[in-house]
Amino acid sequence: PDDRNRADLSVHYGDARYHFPTDGAGQISDSNQFTTDRGPSLSAEAAHTFSDRLSARANLDWHREDSRFDDAADSPGDTSLFCCFHSRDIFNRLLIGARADVRLPPALTFTAGVERELQRETGTTLDTTRGNSGLYGQVLAGLGTAVTLTAGGRLDDNQQFGNHLTGRAGVAWRVAGGTRLRASAGTGFKEPSFFENFATGFARGNPALRPERSRSWEVGVEQTLAADGLTVQATWFDQRFRDFIQYSAAPLGPDSVNYVNVGDATARGLELSVRAPLGRRLALDAAYTYLRSRDAGTQQRLLRRPRHSGSVQLSGPIAGRGEFAVTARHTGDRVDQDFSTFPAVLVMLPSSTVVDASVELRLSSRRGPWPGLVLTGRVENLFNATYEEVLHFPAPRSTLLLGGELTVGR
C-alpha cells in the first residue's frame, strides 16, 4: 500500500500420482500399485518499517498433504502375499513467526525473532503431533569498508527431543586488489521425520530415534581477475554429523525397525567456481565439487554422495526481450545399496551428465493500465539421458515445464 508497509500472499496446490510397477530390486512385480500426493500450501507475510533504524515482519506458513498408497487386486483371484494394501496419511504443518531488525550507525544490525511450529500426522495406524518453539538472534557488524562480522544463535524447545542450542559465526574481509577472504563455522540439529519415527507397512519407523546433530566450518577466497568481471572462487568445507539416521532393509534390534542412528559421519571437500563474462551480456559459469564422505563406523562412503560433481552454464539475452540458459550437470559415480539380494549389498552407481535448458520471454512490459506478460519455459534432461539417481529407479526422461507471469496494477 505504501513505502512503509508490504504484504505478500502465496497459495499453491499440488496433485500428483506416481505409478511404480516394480519392487525395490527393480523387478516388475505389480501392475497397478501407485501413490498419490495432493494438498494446498499457503504463505503470508506482513512487514512494516517504523523508521530507518527499526523494521519488523510477521509470517504464517501452512501446508497440508494427503498421501495415499493403493495396491488393489490385479485380478479377481489375486491372493498373493502383498495384494490389496491401502494406506492414507494426512500431514499438517503450521509455522508462525515474527522478527525485528534494528540498524545502528554506522554499520551495525541486530536481528531477533521467535517462531512456533506445529506438526500433526494422522493416518491408517498413526495419530501423532509434535511442536517446536524457537528463539533466535543475530548481529551483523561492518568494521570499516573491508571487514564484516556475523554472529548468531538459536534456542529450540522441541516437544519430543528437548532443548537444542545452535549457533554460527562468520567473517568476510575484502582485501585490496579484488580479493575477498571469508570463514564461517556453525552447529545444527535435524529432527527425524514422522515417517522415520512412525512408519508402518513395508518399512517400520523407530520412535526411539535421536535427532541428527552437526557442526561445520568453511574457509574460502574469491578473486576478481579482470576489469570485465572474471571471478574465481574456492571454498574448503568440513561437516561432521552425530547420530546420523540411516535406512536398513533388514529389520534391526529387538523392535525390528528399519531406521537407526548409525553414529558419526563426515563430509568434507573443495568447491571451485568461475564466472566469465563473454561480451554482449553472455556469461559462462562453471563449478566443481570434490567430496569425501565417510561413515565413522563402517568407513564406507555415505550413500549416493558422489566424490566428483560439477556443472557448466551458458546464459545470455534474447533480442532484448528475455534471457536463456543452458546447463550441463555432471554427477560422478557414487555408492548405493542393491536390495535385489538379501542381505543388501553395496554397489556403485555410474556417473551421468544431464543437460537442461530454460528461456524467459517478456511479451509486453507494464505501461499505465496495460499489464505486463512474461512467458517461461524449461526442459529438464534435454537429450533424454538414461540414468538412475537411486538404484533400480530410472530418473525421468525429458520433461517440459511451461509457465507465465501477469503483472497488473501500479
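Everything in this summary refers to the structure shown in the same document. Numbers given for residues are sequential positions, taken from 1 along each chain in its written order. Predicted model: local features are reported for residues with pLDDT of at least 70 only, side-chain atom pairs are reported and counted for 80 or more only, and whole-chain, interface and lining totals are derived from all residues. Water and hydrogen atoms were dropped before computing side-chain values, which therefore reflect all heavy atoms in the structure.

## Re the overall build of the protein
Definition in use: In DSSP terms, a helix is any run of H or I states spanning at least four residues, a strand is any run of E spanning at least two, and both are numbered starting from the N terminus. Here's how the labels work: a residue is buried when its accessible area is under 20% of the maximum for its type, exposed when over 50%, partly exposed in between, all with a 1.4 Å probe on protein chains only. We call two residues in contact whenever any of their non-hydrogen atoms come within 4.5 Å of each other. Accessible areas in this description were obtained via Shrake-Rupley with a 1.4 Å probe; residue shielding takes into account the shown protein chains only. For this count, His and the chain ends are skipped, Lys and Arg are scored as positive, and Asp and Glu as negative. Working definition for charges: the position is that of NZ of Lys, CZ of Arg, CG of Asp or CD of Glu.
Check the secondary structure of the protein and you find 1 helix and 24 strands. For the protein, the spread of C-alpha atoms along the principal axes amounts to about 75 × 50 × 50 Å. Put simply, the protein has 410 residues, and 26% of those count as buried. Nonlocal contacts in the protein, meaning residues at least 24 apart in sequence, comprise 52% of its contacts between residues at least 6 apart. Put simply, the protein shows about 24,600 Å² of open surface, and 58% of that area lies on carbon and sulfur atoms. Within the protein, one finds 46 positive and 47 negative side-chain charges whose respective centroids are separated by 7 Å.

## Points about the pairing of strand β18 (residues 334-338)
Here is the rule we go by: A pair of strands is treated as paired once DSSP finds two or more bridges between them.
Among the 5 residues of β18, 5 are classified as buried, and the element is accordingly described as predominantly covered. Neither face of β18 is left uncovered, since the one carrying Arg334, Asp336 and Asp338 and the one carrying Val335 and Gln337 both have all their residues buried. In terms of strand pairing, β18 meets strand β19 (residues 345-349) through 5 bridges, oriented antiparallel. Note that in β19 the partner of Val335 across the bridge is Met348.

## Remarks on the environment of Asp71
Residue position: Asp71 is located in strand β3 (residues 54-71). For Asp71, a relative accessible area of 2% translates into the label buried. The spacing of Asp71 and Gln33 is 38 residues in sequence and 4.3 Å in space, taken between C-alpha atoms.

## Quick word on the nonpolar core
We apply this condition: By convention a nonpolar core is built from buried Ala, Val, Leu, Ile, Met, Phe, Trp, Tyr and Cys residues, the set being connected through side-chain atoms within 4.5 Å.
Membership of the largest hydrophobic core is limited to 7 residues, which are Phe237, Phe241, Phe244, Ala265, Ala267, Leu291 and Leu302. Every element with two or more residues in this core is listed here: β11 (231-242) and β14 (265-279). Setting aside residues no more than four positions away along its own chain, Leu291 makes contact with Phe237, Ala267, Arg268, Gly269, Arg305, Pro306 and Arg307.

## Thoughts on a nonpolar patch on the surface
As a reminder of what qualifies: A residue counts toward a patch only above 30% relative accessible area and without a salt bridge, and it is joined to like-charged neighbours within 9 Å or, for Val, Leu, Ile, Met, Phe, Trp and Tyr, to nonpolar neighbours within 5 Å. A side-chain nitrogen of Lys or Arg and a carboxyl oxygen of Asp or Glu constitute a salt bridge if their distance falls within 4 Å.
Where nonpolar side chains cluster on the molecular surface, the patch consists of Phe50, Leu54, Val102, Leu104 and Phe110 and spans about 390 Å² of accessible area. When you line up the elements, Phe50 lands in the loop between β2 (33-49) and β3.

## A look at the packing of aromatic side chains
Geometry of an aromatic ring pair is reported as the spacing of the ring centres plus the angle between the planes. Just so we agree on the cut-off: Between the rings of Phe, Tyr and Trp (Trp by its six-membered ring), a pair exists once the centres lie within 6.5 Å; its type follows the angle of the planes, with under 30 degrees stacked, over 60 edge-to-face, and the other angles tilted.
Inspection of the entire model under this criterion finds 7 aromatic pairs. Here the aromatic rings of Phe20 and Phe69 are separated by 5.9 Å at their centres, their planes lie at 50°, and the arrangement is tilted. Placement of the pair is Phe20 in the loop between β1 (5-19) and β2 and Phe69 in strand β3, with a sequence separation of 49 residues. The class for Phe20 is buried, based on a relative accessible area of 16%. Assessed through its relative accessible area of 12%, Phe69 is described here as buried.

## Focus on unusual backbone geometry
Comment: phi is negative for the bulk of residues other than glycine, and the bulk of peptide bonds are trans. With an omega of 0°, the peptide bond running from Pro105 to Pro106 counts as cis. Mapping Pro106 onto the fold places it in the loop between β4 (85-104) and β5 (108-123). The phi dihedral of Asp243 falls on the positive side, at around 55°, and the residue is not glycine. Tracing the backbone shows Asp243 in the loop between β11 and β12 (245-252). Overall, Asp243 belongs to the buried group, its relative accessible area being 10%.

## Considerations on the pattern of salt bridges
This model, assessed by the stated rule, comprises 23 salt bridges. The salt bridge partner of Asp66 is Arg68, with a shortest N-O separation of 3.6 Å. Among the ionic pairs, Glu191 bridges to Arg130, the shortest N-O distance being 3.5 Å. Placement of Glu191 in the loop between β9 (179-190) and α1 (194-198) and of Arg130 in strand β6 (residues 127-143) is noted, with a sequence separation of 61 residues between them. Each of Asp66, Arg68 and Arg88 takes part in salt bridges that share partners, so that together they form one network.

## Observations regarding the side chain of Ser293
Put simply, the rule is: Throughout this description, a polar contact denotes any pair of N or O atoms lying within 3.5 Å of each other; where both atoms belong to protein, one of them has to be capable of donating a hydrogen while the other can accept it, and for residues adjacent in sequence the pair is counted only when both atoms sit in side chains.
By the element assignment, Ser293 lies in strand β15 (residues 282-295). Classification of Ser293 as buried rests on a relative accessible area of 2%. For Ser293, the side chain forms a polar contact with the main-chain nitrogen of Leu302, separated by 3.2 Å. Aside from chain neighbours lying at most four places away, what touches Ser293 is Thr266, Ala267, Gln300, Arg301, Leu302 and Arg305.

## Considerations on the side chain of Arg130
Judged by its relative accessible area of 3%, Arg130 is buried. Within the structure, Arg130 has its side chain in polar contact with the backbone oxygen of Pro192 (distance 2.8 Å). Arg130 has contacts with Glu117, Leu118, Gln119, Asn158, Gln159, Gln160, Phe161, Glu191, Pro192, Ser193, Phe194 and Asn197, leaving out every residue within four places of it along the chain.

## Comments concerning the pairing of β4
Bridging between β3 and β4 involves 18 bridges; their strand directions are antiparallel. Counterpart to Ser55 in the pairing with β4 is Asp101. As defined by bridge partners, β4 adjoins β5 across 16 bridges and the pair is classed as antiparallel. Note on β5: the bridge partner recorded for Leu95 is Glu117.

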